[in-house]
Amino acid sequence: MAIRRSIISSIYIHLVKPLGDVFAASVVFLIFSPLFIFLVIRLTISNSGKPFFFQRRPGKRGKIFKVVKFKTMNDKKDKDGNLLPDADRITPLGSFIRRTSLDEIPQLLNVIKGDMSIVGPRPLLEEYLPLYSPTQQRRHEVKPGITGWAQVNGRNAISWKQKFEYDVWYVDNISFLLDFRILLLTVKKVVKPEGISSATSVTMEKFTGKE
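How each quantity is defined
- Residues numbered from 1 in each chain as written.
- Predicted model: local features only at pLDDT ≥ 70, side-chain atom pairs only at ≥ 80, totals over all residues.
- Heavy atoms only, no water.
- 1 Å grid on protein atoms, 1.4 Å probe; cavity = no way out; pocket = protein on both sides within 12 Å on 5 of 7 lines; lining within 4 Å.
- Points joined across faces, edges and corners; volume = space filled by probe spheres on them.
- Helix = DSSP H or I, 4+ residues; strand = E, 2+ residues; numbered from the N terminus.
- Nonpolar A, V, L, I, M, F, W, Y, C, P; charged D, E, K, R; others polar.
- pLDDT = per-residue confidence, 0-100.
- Polar contact = N/O pair within 3.5 Å; in protein donor to acceptor, adjacent residues only side chain to side chain.
- Contact = heavy atoms within 4.5 Å.
- Phe/Tyr/Trp six-rings, centres within 6.5 Å; stacked < 30°, edge-to-face > 60°.
- Buried < 20%, exposed > 50% of the residue type's maximum accessible area, 1.4 Å probe, protein only.
- Pairing = 2+ DSSP bridges.
- Salt bridge = Lys/Arg side-chain N within 4 Å of Asp/Glu carboxyl O.

Engineer: Account for the layout of surface pockets, naming residues and giving values.
Structural biologist: Here the idea is plain: a probe the size of a water molecule rolls over the atoms and shows the empty space left. Considered as a void within the structure, the second largest pocket measures approximately 220 Å³ in volume. Residue assignment for the lining of the second largest pocket shows that the elements contributing at least two residues are helix H1 (2-31) and strand S3 (117-119). Of the residues forming the lining of the second largest pocket, the biggest block, 5 residues, is contributed by H1. Classifying every residue of the lining of the second largest pocket by side-chain character gives 5 nonpolar, 2 polar and 5 charged.

Shown next as structure tokens:
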């Protein structure tokens, strides 16, 4: 029985999930394409011609790719040329887009390209790679996702330690039913936004490797 479950799990992880990701992402992107175009126009106007935010992120096995999101913050700097804090740079439109999770729509293109999955640990900053413990590093055994177990269990409102524990638990328990449950919980989070900000930041404090 255990062998059978292992085979079924392997088929889902290596065949069904990747194909389902590309198909679902393509359909959803097509459905949201009018909204996508509208937001591109609005953000192009409000962000001085820069509607998108590109950043290098580690994917499966730590392979680097460029994640794309809608740009929700401006590039204002202080007198020394340093970017202002996130709270001072996020725009009213950007705040709305983040609150409704619309900034994630462009990442459907990352899923279609094969860099990401719809469900999986969120792709974090490249600079965090050398800071992970061996256990935390296991989050890179699977493709990163647009939404994940940590996101539906607190998002930015939980500690880094909790976030990594959720990520590794997901890696060890991937299944169709779990992914489906995460998607349903994600819809609930979008309808009733919470956990968008941490207790001390409009996004999330940087990981320092101490958790």
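Engineer: How would you explain empty space enclosed by the protein if you had to name every residue and give the values?
Structural biologist: Taken as a whole, this structure holds 1 cavity of 30 Å³ or more when the rule is applied. Empty space within the largest cavity amounts to approximately 30 Å³. Every residue along the wall of the largest cavity is listed here: Pro58, Gly59, Pro121, Arg122, Pro123, Arg139, His140, Val142, Lys143 and Pro144. Tallied by class, residues from the lining of the largest cavity come to 5 nonpolar, 2 polar and 3 charged.

Engineer: For the confidence of the model for the chain, give the residues involved together with the corresponding values.
Structural biologist: Across the chain, the average pLDDT comes to 89, with 92% of residues at or above 70. Per-element confidence in the chain ranges from a low mean pLDDT of 81 for helix H3 (residues 86-89) to a high of 98 for S3.

Engineer: Talk me through the side chain of Arg139; I want residue IDs and the actual numbers.
Structural biologist: As for its placement among the helices and strands, Arg139 is situated in the loop between helix H6 (134-137) and strand S4 (145-147). A distance of 2.7 Å separates a polar side-chain atom of Arg139 from the backbone oxygen of Arg122. Among the polar contacts listed, one links the side chain of Arg139 to the side chain of Asp167, at a separation of 2.8 Å. Setting aside anything within four residues of it in sequence, one finds Arg139 in contact with Pro121, Arg122, Leu124, Tyr132, Phe164, Asp167 and Val171.

Engineer: Describe the packing of aromatic side chains, naming the residues involved and giving the relevant values.
Structural biologist: Scanning the entire structure with this criterion turns up 16 aromatic pairs. Between Tyr132 and Phe164 the ring centres are 5.4 Å apart and the planes differ by 85°, which places this aromatic pair in the edge-to-face class. Taken together, the positions of Tyr132 in the loop between S3 and H6 and Phe164 in helix H7 (residues 160-173) put the pair 32 residues apart, joining distant regions of the chain. The buried category is assigned to Tyr132, whose relative accessible area is 8%. Geometrically, the ring pair formed by Trp160 and Phe164 is stacked, given 5.6 Å between the ring centres and 25° between the ring planes. Of the two residues, Trp160 and Phe164 are both situated in helix H7; the distance of 4 residues between them amounts to about one turn of the helix. Accessibility classification places Trp160 together with Phe164 in one group, the buried group.

Engineer: How would you explain the pairing of strand S2 (residues 64-70) if you had to name every residue and give the values?
Structural biologist: With 5 of 7 residues buried, S2 is to be regarded as a mostly interior element. Alignment of strand S1 (residues 52-58) against S2, held across 7 bridges, turns out to be antiparallel. Of the residues in S2, the one forming a bridge with Gln55 is Val67. Where S1 hands over to S2, the hairpin turn is made up of 5 residues, of which Arg61 adopts a positive phi near 60°.

Engineer: Can you break down the pattern of salt bridges residue by residue, with the values?
Structural biologist: The final tally for this structure, using the stated rule, is 13 salt bridges. Linking Glu104 and Arg122 is a salt bridge whose minimum nitrogen-to-oxygen distance equals 3.4 Å. Note that Glu104 is positioned in the loop between helix H4 (92-99) and helix H5 (107-113) and Arg122 in the loop between S3 and H6, a separation of 18 residues in sequence. No difference in accessibility class separates Glu104 from Arg122, as the two residues are buried. In this structure, a network of salt bridges that share partners links the residues Lys69, Asp103, Glu104 and Arg122.

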